[in-house]
Amino acid sequence: KEALQKYIIFAMTSALSLFIAILMLYSTEHSFLYTDAKESFSAMSAGMQIAFTGLMLLAIFIKLGTIGFHYWLVDAYEGSQNLFTPFLSGVVSKMGVYALIIFVVHITQPAYVLAVMGVMTSIIATFKAIQEDSAKRLLAYSSIAQLGYIVTVLAVADGMGAALYHSLIHTAVKLLLFINVAGIIYVTGRSKFSELGGLIYRMPQSFVLLLVGIIVLAGMPPLAGFASKFMIYTSLLDAKYLLILAAVMFSSASAFLYVYKLIYGIYLGHPTNKKLESVKEVPLSFLIPQY
């Protein structure tokens, strides 16, 4: 119930902010078309431009779960049905990315604000993930951190390719990881690392699939997560955002801590309960979508 209340409050705030911003844009050139948006924005007074940009960013940051606007996201991911959470993380979160792309392409590019908010999101969410005992909450903070990389690189003029590619990779890997965790909860009835462990020999296929997912998530070669993060690094380097680049690389390197916690807490650590000794591999209905 608490997660639902947070979701409604934040969703309505985002929707109203977006709606007011669109009406402000319409008030100048009387057009809702993307192609006319830049002219409509230019026709605004300086005060209206600041208010419009603030409202748009508020709406988009809530959708993305950017740090400071993320309070609904973690609880919603944890409280939702285990097999709906992958869709919520992998697909629904991309609506915020799409809205941000529309904003920076057709209206204006508040580069400094995006870069700072993106890199703060990736760093803070990474360390929040490290502290979590719940697998679903850890993956929720991980999603916030990955979306932070996308926001950061969209602050760069030629960062669109990196943002789109990382969005695609994030969608695929989060579907994999959340379905994997949903399978763990299905067969054990537990979602906390302190209540799991030692499942590698009882669920070998799930272990290998999670291992593939965390290799992608950590940005290790040769999988696609390395390629997408390399594109992000080079885009920031070309734009001479050196301090932002260093912060993003620090966040990315720190992600190894929570991805290791994810695989160790579930599969590699010592079993925390004798009931886990009777656990078997998840059904095919969980394995096939992961493959």
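As the structure is a computational prediction, the values presented were derived from the model and not from experiment.

Colleague: So what exactly am I meant to see when it comes to helix 4 (residues 71-79) here?
Modeller: Since the α-helix packs 3.6 residues into each turn, any two residues three or four apart lie on the same face. Burial in helix 4 covers these residues: Trp-72, Leu-73, Val-74, Asp-75, Ala-76 and Tyr-77. Residues of helix 4 that are buried in the fold lie against helix 1 (2-29), helix 3 (46-64), helix 5 (85-92), helix 8 (135-153) and helix 9 (160-188).

Colleague: Is there a simple way to explain the nonpolar core in this structure?
Modeller: Generally speaking, a soluble globular protein has its nonpolar side chains buried in company with each other. With 49 residues, the main nonpolar core has Leu-177, Leu-199, Leu-262, Ile-266 and Tyr-267 as its most contacted residues. If you list the elements that add at least two residues to this core, you get helix 4, helix 7 (111-131), helix 8, helix 9, helix 10 (204-218), helix 12 (242-268) and helix 13 (284-290). No other element matches the 10 residues that helix 9 contributes to this core. Once residues within four sequence positions are removed from consideration, Leu-177 is found in contact with Leu-139, Leu-210, Gly-213, Ile-214, Leu-217 and Leu-262. Val-151, Ala-155, Val-156 and Ala-163 belong to the second-largest nonpolar core, a separate cluster that totals 40 residues.

Colleague: What is the right way to look at the environment of Val-279 in this model?
Modeller: With respect to the helices, strands and loops of the structure, Val-279 is situated in the loop between helix 12 and helix 13. We classify Val-279 as buried; its relative accessible area is 10%. For the pair formed by Val-279 and Leu-199, sequence separation is 80 residues and the distance between their alpha carbons is 7.9 Å. With sequence-adjacent residues up to four places away left out, Val-279 is seen in contact with Val-187, Thr-188, Leu-199, Arg-202 and Met-203.

Colleague: What am I meant to see in the layout of surface pockets here?
Modeller: In this structure, the largest pocket occupies an estimated 390 Å³ of space. What lines the largest pocket is a set of 22 residues, among which Leu-18, Ile-22, Tyr-34, Met-56 and Ile-102 lie closest to the centre. Of all elements in the fold, only helix 1, helix 3 and helix 6 (94-106) reach the threshold of two or more residues within the lining of the largest pocket. With 6 residues, the single largest contributor to the lining of the largest pocket is helix 6.

About the cut-offs
Residues numbered from 1 in each chain as written. Predicted model: local features only at pLDDT ≥ 70, side-chain atom pairs only at ≥ 80, totals over all residues. Heavy atoms only, no water. Buried < 20%, exposed > 50% of the residue type's maximum accessible area, 1.4 Å probe, protein only. Helix = DSSP H or I, 4+ residues; strand = E, 2+ residues; numbered from the N terminus. Contact = heavy atoms within 4.5 Å. Core = buried A, V, L, I, M, F, W, Y, C linked by side-chain atoms within 4.5 Å. 1 Å grid on protein atoms, 1.4 Å probe; cavity = no way out; pocket = protein on both sides within 12 Å on 5 of 7 lines; lining within 4 Å. Points joined across faces, edges and corners; volume = space filled by probe spheres on them.

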